[in-house]
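As a plain string of letters, each chain reads:
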Amino acid sequence: MKIELLAPAGDVEAGYAALYYGADAVYLGLQQFSARATATNFTPEALADFTGYAHSLNRRVYVTVNTLVQEAELKDLLQTLEACSAASVDGIILQDLGVARIIRDTFPELELHASTQMAVHNKEGALALQKLGFSRVVLARELSLKEIKEIAALPNLETEAFIHGALCYSYSGLCLFSSMETGKSANRGKCLYPCRSCFEGKEGSGHFFSMKDMALCEDVLKMPVTSLKIEGRKKSALYVAAVTDFYRKIMDGKGVDTHCEENIRQIFSRPWTKFHFNGKDKEVVDRNFVGHRGLEIGSVEAAFQGKLIFHTTHAIARYDGLQIDVAGSEKPFGFSLEKMRLAGRSVFEAKAGDKVEVSLPSNAPFVRKGEKIYLASSTAVKGAYPYKKPKSGAFMPKKPLCVELKIMPSFLEAKAMDKVCKMEGNFEVAQNPEKTNNAAQQAFSKTDQFPFYLSDLKVDNSQSLFVPVSILNELRRQLYQKLEIQKDVRVFPSLPMALSARKKVFAVKTDSAELLKKLDLSQMNEIIYLLNPQSDIHILKDLPKNKVRLALPTVCRHPMVFAPLVEKLLEQGYKKWEIGNLWGLSILPKKGIDISFDTPLYMMNTQAFAMAKEIGATRACFAIEDTLENIQKLDQQACIETTFVIYQDVPLFTSAVCVRSNACQDCLKGKKWFEIKQGKEQYDILSQNCETKVFGRKPLCLAKEAASVPADFYRIDFVDKAYSVERAAYLIKELCQFKDVPNISKGNMFRRL
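Keep in mind that this is a model prediction, so the values were computed, not measured. (Residues numbered from 1 in each chain as written. Predicted model: local features only at pLDDT ≥ 70, side-chain atom pairs only at ≥ 80, totals over all residues. Heavy atoms only, no water.)

Draft legend 1. Representation of the overall build of the protein in the model. The secondary structure content of the protein amounts to 19 helices and 40 strands. Within the protein, contacts between residues at least 6 apart in sequence are counted, and of these 70% link residues at least 24 apart. Here the protein contributes 100 positive and 88 negative side-chain charges, whose respective centroids are spaced 2 Å apart. (Helix = DSSP H or I, 4+ residues; strand = E, 2+ residues; numbered from the N terminus. Contact = heavy atoms within 4.5 Å. Lys, Arg positive; Asp, Glu negative; His and termini not counted. Charge placed at Lys NZ, Arg CZ, Asp CG, Glu CD.)

Quick look at the structure:
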């Protein structure tokens, strides 16, 4: 089976560039519901035209509908999916379970592809999605080759893996930093990339979360996946062309083209990394600099009087863009190369190996000897990737149209579908009636600007009359402007009946055995204990079994380590469970248990709740980053029990990137806390078992708002951060009275998400 090379398109030009340089498939977004909302994206008309062209080349087009959808947006979602269906796209990449339900039931012709936002990081998660009807899963970027091979070996399931482009510090779909801090949610396509910011810690300042770019190069040939995916829907057509060309050559057996590699680094690149492809790698963050640097072409040998001298390792020309590392600055200094001298004379260009003298602009900072110099923009490279594209509209999909034309002495009448146009006139007998019929055929065949073509013209000219061509053209124009190709009326899948009564009781969730031992939990209707492979389950015997719910972690790279523990607890009679990722469905029994969906299985619309019910959930949490307005709408229509989390230390990042400075072989892997700050904001970092979580200092507290949400359970979380028994008891007392506590965050409760 030929492996697919999948390229990004943030706009139409990037799409055509990708196809020209060898992409087997292109993924793109429309104006709404795209995780790259700030890209130009495609209109429905451009999508149809582009998809038609791609299909004419036997290439594929996938559309990203991979954001979380709020209830009020479902109507617009239907229109987006109708546009995808009309264009006959080859798959929909999605995150929201509600979107999956709508496609499955209302648009069955569209394939379901699980976005990387669904955090598929193990075989069990992939299996669960396959059972839900997904034909393809996009794997988490954090996986090693060994893990990728294990998932790719699953029969009858396509796999898609990233091979090049920007990396997120957090697992995709589990990053709440931008959302909780600013209301601009990554899960809604609006991330402000706070991970690229500079923070201060005990070891100094740096960009602790600013990732290098992934570049697997020839290692892509080791991957047994269905599709190799290039990231970059916010990149230019030039970048897409260069990266697609680079990997096309590798996949065609031509090896790494170093010239192409240099072009990519010049167009846009951060330092490159293979991430965890070959195993855990600590050198995946670029702490000292952010943004595009370009292709390194030398270092400063001398700097004086507004000039610098260096040997260039690459051809350069006047008006190219250069950048220079500057001590104490997180970004290099960039400028246009306006003046260049070689051997004392002014030149327009220099070749690799030349010693050049370059004039600096008047605003240049102090430049030290030895600083690196980069080619950040090249006129030559800008013209190195021309591409061809069809005439706009040439590949718009068209449907057949049958027209009936009646010619009478005093009028003309044209019918098509349910539309009729009539023109009065005085039409005489023709000398050659066949010419009238031919003229009618030519006139009504002109459908270039319309979404149909003339498949049949039936002319009733029984009296052999003559009609001028100009009148036939006008009749055709009037008829075609009235016509609209009839569309199937699509409706939402029906919803299960809403619950008529709500419990309105309290639950507590913790990973602390100490709190379970010493805290008075008698007023709690449910006690949720977050498990790990080393959990002390002996403490459960002192708790009323009917109140206990056992939770599996959201991220688990090796789920089968839980299998013996789960089996043992099931044998002991524990039937209530909670999962935060669909992998949990694969290790829990299908029947006889009660499953609750935690907040990372985002519920933002009624269709998502209905899908949760169909999967087997008896309860689900409202999304932790949702707004109060949307939660109140959903609460009124909930078809299963609901949980409203009213207190939590929200993980802003959940990451497979280690923040510790020690080498892996020297690591004890136990809990270790770090403190960092950015301006007035302070954050806590938890490093444990090769996983990193980042928290704000202010916990999310929604106790006051909970009074207006008649949920079944109001949950209080004491997870990850340590709480004394006294502090936890105080919080429970206040929160159970719907009272807020001091120094808290309200998240997105009153924002427009």
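Draft legend 2. Representation of the state of the cysteines within the structure. Summed over all chains, the structure comprises zero disulfides. Cys690 supplies the cysteine sulfur nearest to Cys556, a cysteine that is in no disulfide, at a spacing of 13 Å. Judged by relative accessible area, Cys556 falls into the buried class, the value being 8%. Left without a disulfide partner, Cys639 is nearest to the cysteine sulfur of Cys621, which lies 14 Å away. Look at Cys639 and you get buried, because its relative accessible area is 5%. (Disulfide = S-S within 2.5 Å. Buried < 20%, exposed > 50% of the residue type's maximum accessible area, 1.4 Å probe, protein only.)

Draft legend 3. Examining the packing of helix 1 (residues 12-20) against helix 2 (residues 44-56) more closely. In the contact formed by helix 1 and helix 2, the axes pass within 11 Å of each other and the chain directions differ by 5°. Looking at the two axes, helix 1 sits roughly parallel to helix 2. Counting all contacts with helix 1, which are made through Val12, Gly15, Tyr16 and Leu19, the residues of helix 2 involved are Ala46, Asp49, Phe50, Tyr53 and Ala54. (Axes fitted to C-alpha atoms, helices over the stretch in contact; angles between N-to-C directions. Parallel < 35°, antiparallel > 145°, perpendicular 65-115°, else oblique.)

Draft legend 4. Highlighting the sheet that holds strand 23 (residues 372-377). Read from one edge to the other, the open sheet built from four strands follows the order 13-23-17-18, with strand pairing classed as antiparallel. Edge positions in the sheet fall to strand 13 (295-299) and strand 18 (333-336), since each of these pairs with one other strand and no more. The mean inter-strand angle of the sheet, taken between neighbouring strand axes irrespective of direction, is 30°. The pairing of strand 17 (residues 321-324) with strand 23 spans four bridges and is antiparallel. Note that in strand 23 the partner of Gln323 across the bridge is Tyr374. (Pairing = 2+ DSSP bridges.)

Draft legend 5. Representation of the packing of helix 8 (residues 237-251) against helix 9 (residues 258-267) in the model. For the pair helix 8 and helix 9, interaxial distance at closest approach is 9 Å and the crossing angle is 155°. Between helix 8 and helix 9, the crossing angle belongs to the class labelled roughly antiparallel. The two elements helix 8 and helix 9 cross, and the hand of that crossing is left-handed. The segment helix 8 lies against helix 9, with Leu238, Tyr239, Ala242, Val243, Asp245, Phe246 and Lys249 engaging Cys260, Glu261, Ile264 and Ile267. (Left-handed = near helix turned anticlockwise from the far one by under 90°.)

Draft legend 6. Structural detail: the environment of Glu578. Within the secondary structure, Glu578 sits in strand 31 (residues 576-579). Each C-alpha atom of the pair Glu578 and Arg549 lies 6.8 Å from the other, and the pair is 29 residues apart in sequence. The residues contacting Glu578, other than those within four sequence positions of it, are Lys509, Ile528, Arg549, Leu550, Ala551, Leu552, Ser596, Asp598 and Arg715. At 2.6 Å, the side chain of Glu578 and the side chain of Lys509 are in polar contact. (Polar contact = N/O pair within 3.5 Å; in protein donor to acceptor, adjacent residues only side chain to side chain.)

Draft legend 7. Examining the sheet that holds strand 38 (residues 691-696) more closely. Pairing within the open sheet is antiparallel, and its six strands lie in the order 9-8-36-37-38-35. Strand pairing shows two members of the sheet lacking a second neighbour, strand 9 (204-206) and strand 35 (651-655), which therefore form its edges. Going across the sheet, the axis of each strand differs from the next one's by a mean of 25°, ignoring polarity. When strand 8 (residues 199-201) meets strand 36 (residues 672-678), the two strands line up antiparallel, connected through two bridges. Within the sheet, the bridge partner assigned to Gly201 lies in strand 36 and is Ile676.

Draft legend 8. Fine view of helix 8. Between its first and last C-alpha, helix 8 extends 21 Å over 15 residues, near the 21 Å set by a 1.5 Å rise per residue. Trailing helix 8 by a residue or two, Gly253 shows a phi angle of about 85°, which is positive. (Expected span 1.5 Å × (residues − 1).)

Draft legend 9. Quick look at the packing of aromatic side chains. Overall, the coordinates contain 31 aromatic pairs when judged by the stated rule. Between Tyr319 and Phe348, the aromatic rings sit 6.4 Å apart at their centres with planes inclined by 70°, giving edge-to-face as the arrangement. Of the two residues, Tyr319 is situated in the loop between strand 16 (316-317) and strand 17 and Phe348 in the loop between strand 20 (345-346) and strand 21 (349-350); the sequence distance between them amounts to 29 residues. Here Tyr319 falls in the partly exposed class, since its relative accessible area comes to 48%. Since its relative accessible area comes to 45%, Phe348 is described here as partly exposed. Relative to Tyr714, the ring of Phe506 lies with its centre 5.5 Å away and its plane at 45°, an arrangement referred to as tilted. Here the residue Phe506 occupies a position in strand 28 (residues 505-510), and Tyr714 occupies one in strand 40 (residues 713-718), the gap between them amounting to 208 residues. Tyr714 sits in the buried class, given a relative accessible area of 3%. By the ring-pair criterion, three or more aromatic residues cluster together here, those being Tyr169, Phe177, Phe199, Phe209, Phe653 and Tyr683. Over the ring of Trp272 we find Arg265, and its NZ or CZ is 3.8 Å from the ring centre. In this structure, Lys422 is placed above the aromatic ring of Phe411, and the distance from its NZ or CZ to the ring centre is 4.3 Å. (Phe/Tyr/Trp six-rings, centres within 6.5 Å; stacked < 30°, edge-to-face > 60°. Lys NZ or Arg CZ within 6 Å of the ring centre and 35° of its normal.)

Draft legend 10. Representation of helix 9. Looking at helix 9, one finds that the buried residues are Cys260, Glu261, Asn263, Ile264, Gln266 and Ile267. One side-chain oxygen at the N-terminal end of helix 9 lies 2.9 Å from the backbone nitrogen of His259; it belongs to Asp257.

Draft legend 11. Structural detail: the environment of Leu499. Its location among the elements puts Leu499 in the loop between helix 12 (469-482) and strand 28. Residue class for Leu499 comes out partly exposed when judged on its relative accessible area of 32%. For Leu499 and Glu641, which are 142 residues apart along the polypeptide, the C-alpha to C-alpha distance reads 7.7 Å. In this structure, Leu499 is in contact with Ala638, Cys639, Ile640, Glu641 and Asp712, ignoring residues within four places of it in sequence.

Draft legend 12. Just the pairing of strand 29 (residues 526-530), in detail. The element strand 29 is extensively covered by neighbouring structure, given that five of its five residues are classed as buried. Here strand 29 shows no split at all, with Glu526, Ile528 and Leu530 on one side and Ile527 and Tyr529 on the other all buried. Note: strand 28 against strand 29, four bridges, orientation parallel. Bridge pairing links Ala507 to Glu526 in strand 29.

Draft legend 13. Quick peek at the side chain of Arg248. Here Arg248 is to be found in helix 8. For Arg248, a relative accessible area of 11% translates into the label buried. With residues up to four places along the chain from it excluded, the contact list for Arg248 reads Lys2, Leu5, Tyr21, Gly22 and Asp24.

Draft legend 14. Region of interest: the nonpolar core. If you look at the biggest cluster of nonpolar residues, it comprises 204 residues, and the most contacted ones within it are Tyr247, Phe597 and Phe644. The biggest single contributor to this core is helix 8, with ten residues. Setting aside chain neighbours within four positions, we find Phe597 in contact with Leu97, Ile579, Leu582, Met603, Ala612, Ile615, Ala617, Arg619, Ala620 and Cys621. In terms of nonpolar packing, the next biggest core, distinct from the first, is built from 25 residues, Ala416, Phe444, Val467 and Leu475 among them. (Core = buried A, V, L, I, M, F, W, Y, C linked by side-chain atoms within 4.5 Å.)

Draft legend 15. Structural view of the side chain of Lys547. As for its placement among the helices and strands, Lys547 is situated in the loop between strand 29 and strand 30 (548-551). Buried charge without a partner: Lys547 forms no salt bridge, and the closest opposite charge is Asp520, 7.8 Å away. Of note is the side chain of Lys547, whose polar atom sits 3.1 Å from the backbone oxygen of Ser522. In contact with Lys547, other than residues within four places in its own chain, are Leu521, Ser522, Met524, Asn525, Glu526 and Ile527. (Salt bridge = Lys/Arg side-chain N within 4 Å of Asp/Glu carboxyl O.)

Taken by themselves, the reported measurements are silent on function.
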